Amino acid sequence: MSQTEFRAALLNPERPAPAGLADPQGRPAGRRFDVYRNNVTVSLTEALRQAFPVIRKLVGEEFFTAMAREHLRAHPPTSPLMMHYGRDMPEFLENFPPVQHLGYLPDIARLELALRESYHAADATSVSAEALQALSPDTLMASRPTLAPSLRLIRSRWPIHAIWSANMRGTEAPKSAVAEDVLIARPDYDPEPHRLPDGAAPFIAALMQGAAVAEALEAGPEFDLTATLGLLLATRAITAVNPGDQT
Amino acid sequence: MLDQSAKRQLPPRPGIGYKPQHFSNILQDAEPVKWLEIHAENYMGDGGRPLAQLRYLAERFPISVHGVGLSIGGEGPLNRDHLARLKHLCDWVDPASFSEHLAWSTHGAEFLNDLLPLPYTDATLERVADHIAEVQDHVGRRMLLENPSVYVNFTETNMGEIEFLTEVARRTGCGLLLDVNNVFVSCTNRQTDPYDYIDRFPHQLVGEIHLGGHDEDTDDMGAPLLIDAHGSEVVDPVWQLYAHTIAISGPKPTLIEWDNDVPDWPVLADEASRAARILDKVIA
């Protein structure tokens, strides 16, 4: 029997156990094959449960387990690294009919994936606030800051930070559907999401792509630069300040 | 700090499967645990807490790197990216032991996250031996191959599991990891005698022993069906089979595996103490 046949029956409970598998008396494998089916379903469901604690709270454990079952059949892992499993969840949620009324779910899933990526991202040493303050304004504007590999930016038209925080930190639930941009930073080993000042996301996105500070300021509307740089410094998110092209 | 020479091999004493929630317990007082095993795939990120903890532990304990994702029994070629990640991990951790499973888990582009069984035939023997040779070449280390827990028989199987494992080891020079709970589970499920299995096993090839808990179920005919679940204590019949094993083989590095519903540290330390007492009797 080929592994293709084994695999086809594994992820499809409607199929009988493959011929060629037997119990010790040579009878069809039946429930014995179900052990493998169950192992795959339970272990992948558990990987998804760990990845999406907030989605779980939002839809409830029972619904999440049923949804995970649909998800793992449609999107089995493509890597032996379970720390990557679930990357298809945001798109899956966008198209999963039973949750179409919860428009914010896909962005919450993106936030949770970004937290996990940040957790496993490379370490880096940050620059001090003093080092940044020592730069003249012109030098600062021309510089290209390197940001920590663990930094992630999630932009949403939903109050994703407030929803995340209400479920993980017990803060008040959002009362209105305002858009929120979230910066995930990992000062040591624990990633934490921060709500960005309005308008700061294009600036951070530009810096992440290697722009100079002056260029990044042109990327979007006016915003609170002092608060934004303060957040980057407080979360140890700037790992180098490379001198830019002096004009 | 661990003396460099002590890192080179696992001591014939108890070890445990490392879980991050036990980090501070282990640093305070690991007794009677003398070495730690990690699942390779959990330490293949780029940084952060998992790698920082492992760096710290590897300076203090002999480490066993135990892969669960290589799919050595797979019909397709080994995943080259995954081999490269394993080599990178083994290069920096410099583990005392490196092991993987006689199983498959990858099919095409899919990873199924379970240790799936294979029939024992000349064709699968050749494939497994080729894959192990490739792994050992690539990683640059000898590996140990673990006997599986199985729930079904393949009608096409035409050699015994011990014969299969022994021949793979002969062809590739790999060693074996003897999971005594897997022997108990598989023999019960196959309705064969686990003591006979242990008596016939090539113990001189064994570099490490695993012990773990299993669940009990029944098949369609009401026959016992044991499931390797790693979520509970080692049961008395498995402890007895273990004592029988090391009475034959002499003391071996012995791992307590507990991967699901992981208990507080004292429960694991008690399991390790029980293994230590059995090892002590063999040495005495």
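Calculation notes
Residues numbered from 1 in each chain as written. Chains lettered and ligands numbered in written order. Predicted model: local features only at pLDDT ≥ 70, side-chain atom pairs only at ≥ 80, totals over all residues. Heavy atoms only, no water. Helix = DSSP H or I, 4+ residues; strand = E, 2+ residues; numbered from the N terminus. Buried < 20%, exposed > 50% of the residue type's maximum accessible area, 1.4 Å probe, protein only. Contact = heavy atoms within 4.5 Å. Areas by Shrake-Rupley, 256 points an atom, 1.4 Å probe, with all protein chains shown as cover. Lys, Arg positive; Asp, Glu negative; His and termini not counted. Charge placed at Lys NZ, Arg CZ, Asp CG, Glu CD. Domains from an automatic or database assignment. Buried area = accessible area lost by both parts, 1.4 Å probe. Salt bridge = Lys/Arg side-chain N within 4 Å of Asp/Glu carboxyl O. Axes fitted to C-alpha atoms, helices over the stretch in contact; angles between N-to-C directions. Parallel < 35°, antiparallel > 145°, perpendicular 65-115°, else oblique. Left-handed = near helix turned anticlockwise from the far one by under 90°. Nonpolar A, V, L, I, M, F, W, Y, C, P; charged D, E, K, R; others polar.

A few words now on the overall build of chain B. A count of helical and extended segments in chain B gives 10 helices and 13 strands. Expressed as a percentage of the 284 residues in chain B, the buried residues total 60%. For chain B, long-range pairs separated by at least 24 residues make up 78% of all intrachain contacts whose partners lie at least 6 apart in sequence. Within the structure as shown, chain B displays about 11000 Å² of accessible surface, and the carbon and sulfur contribution to it stands at 48%. Charged side chains of chain B number 22 positive and 44 negative; the gap between the two group centres comes to 9 Å.

Let us now look at the domain arrangement of chain A. Residue and element names in this part refer to chain A. Partitioning chain A into structural domains gives domain 1 (1-102) and domain 2 (122-247). Relative placement of domain 1 and domain 2: their C-alpha centres are 37 Å apart. Note on domain 1 versus domain 2: buried area summed over both sides is about 370 Å², and carbon and sulfur give 76% of it. A per-residue breakdown of the area domain 1 buries against domain 2 is headed by Val54, Lys57 and Leu58, which together make up 86% of the total. Our enumeration of links across domain 1 and domain 2 arrives at zero salt bridges.

Turning our attention to the packing of helix 1 (residues 3-10) of chain A against helix 2 (residues 31-51) of chain A. All names here are of chain A. One way to put it is that helix 1 packs onto helix 2 with a least axis distance of 9 Å and a crossing angle of 70°. One element, helix 1, and the other, helix 2, form an angle in the roughly perpendicular class. When you trace helix 1 past helix 2, the crossing you get is right-handed. For the pair helix 1 and helix 2, contact is made by Phe6, Ala9 and Leu10 and by Phe33, Tyr36, Arg37 and Val40, respectively. Grouping the constituent residues of the contact of helix 1 with helix 2 by class yields six nonpolar, no polar and one charged.

It is common to give the size of an interface as the accessible area lost on bringing the parts into contact. Each side of the interface is counted separately: chain A has 42 residues, and chain B has 50 residues. In total, chain A and chain B occlude about 4000 Å² of area from one another, counting both sides; carbon and sulfur atoms represent 54% of this. The three residues of chain A that bury the most area against chain B are Gln3(A), Arg32(A) and Tyr36(A), which together make up 20% of that side's buried surface. Inspection of the chain A/chain B interface yields five salt bridges.

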